[in-house]
Amino acid sequence: MARLSRHFLHTTLALATSVLFMLPAQAQPQPPSAGDLAAQSRALQRASEAVVGLRALAVEDARSAATLGRLREGSGVLISADGLVLTIGYLILEAERVQLFTDDGREVPARVVAYDLATGFGLVQALAPLGREPVPLGEAAGLRAGGDEPLTFASGGSEPEVSVAHLLSRRPFAGYWEYLIDGALFTAPPRRDHSGAGLFNGRGELLGVGSLFVADALGPGAPPMPGNMFVPVDLLQPILAELRERGASQASTRAWLGLNCVEQEGQVRVARVNADSPADVAGVEAGDRIVAIDGVTVNDVAALWKALWAGGAPERAVKLDIRRDGERRELTLQSVDRAKTLRRSSGV
C-alpha cells in the first residue's frame, strides 16, 4: 500500500495554509511541532494502509449492469479488526463475487454484508486476514468548509494514490436516482479514482467514503468547480450494528419509482425512466415536468424524494401530477420496495 512519507506530510500541512480553489483567505496556522508531525505521520500511514482495492462482479442478470457494468472496481476501507470493509454501495450492488486486493499482489475473497439504499454505503467481510490495522471512525460534522485542516484522500488496490484534499462545502445532496443524504462532503482537487476511497483527517480517522465526481463542489449559486462528493461516516455510526445484523437500515425500506430527475430553472424534470420500473409501466416519459406528488407541490429533486418516502408504505399507489407538451396529466404509479427488485447471487 502507498506509504506516506514525512515529505508528504510536510506538504500536506503547508498546503493547508494556502488559499486554494477560490476559497476565502484564512489565517495562517502555527507550524506543527516535530512531535505532532511524527504522530500525524503514523496516523496517516495507518490510514493509507487500511485502504484496499475492491473488485466486484455483478450477477449476470443484474439490473444495475446497464448503468454500472457487471465488473466494478474501486476501493474500500478496513474499519474493524474482524475484517469488515466499508465501501460505496454501488460497487457491490447485485454482486455475486467480491475480491479485495493490495498493491503487493495479494487477493482476499470477501462476502457482501450490507447494501444500504438510504446512505449509499456498502459493507463487505474479508474471508481471510488482510494483514492491516483498521482505522477509527471520525466525525465530519465538525469540519469547516474552507478551513485550514488538510484532509487526506486515499484509494487502494494495485495502484494506490494518496493526495491532499480540501473541504469546499458540506451540504445535503440529492441524487437524480432517488437518493438523498445530509452533510455530504465536497472536496477538491478532483480525482477519478473516488469510488470507495477514504477521506481522512490529520489523526487518521475516516471521515467519508468516496462516491462521485461532481462539477459543482462549491455548491448552488457558486462558480462551477470540479471536485468529489464523499458520504460522511456520521451517517454510518447510528446504523452500523443494524447493517451487520440485517444487511440494510430500516430507512432503506421505502418506495421506489424508477425515476431519474433533474432540476431546471426551478422545475423538476424527468431525465430518464428505468426500464420495467413503476414509472415505466405507468407511462412516465423523459422530459415530463413533475409538478406534484400525492398532492404535494415539488420544485426541486430533494423535495420530490422526501415527499415520496414520507407518503406511506413502500408498496402503494402514488399519484404524479405532470406537465407534458403543456398539458396537465395525472398518472398513478404502483411503487415498489427497491430492495425487492435487486438480483442476488444464487449462492447467497
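See the structure above.
A brief look at the structure comes next. Fair warning: this is a prediction, and the values are worked out from it, not measured in the lab.

## Things to note about the nonpolar core
Of all hydrophobic cores here, the largest spans 52 residues; its most connected members are Leu 86, Leu 100, Leu 123 and Met 229. Counting residues per element, this core draws most heavily on strand S9 (residues 179-188), which supplies 5 residues. Not counting the four nearest positions on each side in its chain, Met 229 is found in contact with Phe 173, Tyr 179, Ile 181, Ala 184, Leu 185, Phe 186, Val 209, Gly 210, Ser 211, Leu 212 and Val 214. One finds Leu 259, Val 273, Leu 304 and Leu 308 within the second-largest nonpolar core, a separate group that totals 25 residues.

## What about the pairing of strand S6 (residues 121-126)?
Counting buried positions over the 6 residues of S6 gives 6, a clear majority of the element. Neither face of S6 is exposed, since Phe 121, Leu 123 and Gln 125 on one face and Gly 122, Val 124 and Ala 126 on the opposite face are all buried. With 5 bridges joining them, strand S3 (residues 84-88) and S6 adopt antiparallel strand pairing. Pairing of Thr 87 across the sheet is with Gly 122, part of S6. Hairpin remark: strand S5 (residues 107-115) followed by S6, antiparallel, with 5 residues in the connecting loop; positive phi at Gly 120, about 90°.

## What to know about the pairing of strand S14 (residues 259-264)
Relative to strand S15 (residues 267-273), S14 runs antiparallel, the two being bridged by 6 bridges. Each bridged residue has a counterpart across the sheet, and for Glu 263 the counterpart in S15 is Val 268. Taken together, S14 and the strand that follows it, S15, pair antiparallel across an intervening segment of 2 residues, in which Glu 265 is found at a positive phi of about 50°.

## So, the side chain of Arg 316
Residue placement: Arg 316 occurs in the loop between helix H6 (301-310) and strand S18 (317-324). A distance of 2.7 Å separates a polar side-chain atom of Arg 316 from the backbone oxygen of Leu 308. In this structure the side chain of Arg 316 is engaged in a polar contact, spanning 3.5 Å, whose partner is the backbone oxygen of Gly 311.

## Considerations on the pattern of salt bridges
As enumerated under the stated definition, the model contains 18 salt bridges in all. In this structure, Arg 106 engages Asp 104 in a salt bridge whose closest nitrogen and oxygen atoms are separated by 3.8 Å. In this structure, Asp 321 engages Arg 328 in a salt bridge whose closest nitrogen and oxygen atoms are separated by 3.6 Å. For Arg 328, a relative accessible area of 52% corresponds to the exposed category. Several salt bridges share partner residues, and in doing so they unite Asp 321, Arg 323, Arg 328 and Glu 330 into one network.

## Some remarks on H6
Extensive coverage of H6 is indicated by the burial of 7 of its 10 residues. All of the buried residues in H6 are Val 301, Ala 302, Leu 304, Trp 305, Ala 307, Leu 308 and Trp 309. Capping the start of H6 is the job of one residue whose side-chain oxygen sits 3.3 Å from the backbone nitrogen of Ala 302: Asp 300.

## Here we look at the layout of surface pockets
Considered as a void within the structure, the largest pocket measures approximately 930 Å³ in volume. Taken together, 34 residues make up the lining of the largest pocket; nearest its centre are Thr 67, Leu 68, Leu 93, Trp 177 and Arg 338. Listing elements by their share of the lining of the largest pocket, those giving two or more residues are helix H3 (65-68), strand S11 (206-214), strand S13 (255-256) and S14. It is H3 that contributes the most residues to the lining of the largest pocket, 3 residues altogether. When grouped by side-chain class, the residues that make up the lining of the largest pocket number 18 nonpolar, 10 polar and 6 charged. Going through the elements one at a time, strand S8 (162-175), S9, S11, S14 and H6 are the ones with two or more residues in the lining of the second largest pocket. Residue contributions to the lining of the second largest pocket peak at 5 residues, all from S8. Looking at the lining of the second largest pocket, its residues break down into 15 nonpolar, 3 polar and 3 charged.

## A short note on unusual backbone geometry
With an omega of 0°, the peptide bond between Ala 188 and Pro 189 qualifies as cis. Residue position: Pro 189 is located in the loop between S9 and strand S10 (198-200). Of note in the backbone geometry, Glu 265 takes a positive phi value of approximately 50° without being a glycine. Locating Glu 265 in the fold gives a position in the loop between S14 and S15.

## Details of the sheet that holds strand S1 (residues 51-58)
If you trace the 6 strands once around the closed barrel, you get S1-S2-S3-S6-S5-S4, paired in antiparallel fashion. Recorded for the sheet is a direction-independent mean angle of 40° between the axes of neighbouring strands. Here strand S4 (residues 95-101) pairs with S5 via 4 bridges, running antiparallel. Bridged to Leu 100 within S5 is Val 108.

Conventions we followed
Residues numbered from 1 in each chain as written. Predicted model: local features only at pLDDT ≥ 70, side-chain atom pairs only at ≥ 80, totals over all residues. Heavy atoms only, no water. Core = buried A, V, L, I, M, F, W, Y, C linked by side-chain atoms within 4.5 Å. Buried < 20%, exposed > 50% of the residue type's maximum accessible area, 1.4 Å probe, protein only. Helix = DSSP H or I, 4+ residues; strand = E, 2+ residues; numbered from the N terminus. Contact = heavy atoms within 4.5 Å. Pairing = 2+ DSSP bridges. Polar contact = N/O pair within 3.5 Å; in protein donor to acceptor, adjacent residues only side chain to side chain. Salt bridge = Lys/Arg side-chain N within 4 Å of Asp/Glu carboxyl O. 1 Å grid on protein atoms, 1.4 Å probe; cavity = no way out; pocket = protein on both sides within 12 Å on 5 of 7 lines; lining within 4 Å. Points joined across faces, edges and corners; volume = space filled by probe spheres on them. Nonpolar A, V, L, I, M, F, W, Y, C, P; charged D, E, K, R; others polar. Axes fitted to C-alpha atoms, helices over the stretch in contact; angles between N-to-C directions.

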